[in-house]
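# Coordinates in review
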Amino acid sequence: AGDDGCDAGWFAGNDEISTAQISVYPNPNAGKFTISAPDAELISLTIFDLAGKAVNYSEKIQGSAMVINLDDKVAGVYLIQVVTDKGTFTKRIIVE
């Protein structure tokens with residue numbers, strides 16, 4: 001990390017909560033899965049395909065867990081950007 005102004009925390013998490021504390025299960029899945037952040041409050045989440053296109057967005061989430069249904073999407077790998085009260089994190093999921 002130099003003085004280039006980049007914040008690696010978006011990928012690496014921060015000291016308060018690590019991406020290991022954000023669970024996505026089951027993974028792989030058939031399009032329905034749960035995102036859980038027991039030590040944080042979920043604020044919003046965006047799901048991207050590998051081309052970078054947002055395929056799902058949710059905000060004003062109540063609590064620390066949410067069930068997502070992507071069964072209308074094609075099988076493949078997706079990235080989930082999770083915004084919590086502790087920071088922003090990215091997880092990878094596989095839809096079969």
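Before going into details, it helps to say that this report is about the structure given with it.

Conventions used here
- Residues numbered from 1 in each chain as written.
- Predicted model: local features only at pLDDT ≥ 70, side-chain atom pairs only at ≥ 80, totals over all residues.
- Heavy atoms only, no water.
- Core = buried A, V, L, I, M, F, W, Y, C linked by side-chain atoms within 4.5 Å.
- Buried < 20%, exposed > 50% of the residue type's maximum accessible area, 1.4 Å probe, protein only.
- Contact = heavy atoms within 4.5 Å.
- Salt bridge = Lys/Arg side-chain N within 4 Å of Asp/Glu carboxyl O.

### Focus: the nonpolar core
- Counting 18 residues, the largest nonpolar core has Phe33, Ile35, Ile47, Ile80 and Ile93 as its most contacted members.
- Not counting the four nearest positions on each side in its chain, Ile93 is found in contact with Val24, Asn27, Asn29, Phe33, Leu70, Gly76, Val77, Tyr78 and Ile80.

### Here's the deal with the pattern of salt bridges
- One pass over the structure, following the stated rule, counts one salt bridge.
- Close ionic contact of Lys73 with Asp72 constitutes a salt bridge, the shortest N to O distance being 3.8 Å.
- With relative accessibility at 29%, the residue Lys73 sits in the partly exposed group.
- Take Asp72: its relative accessible area is 58%, and that puts it in the exposed class.

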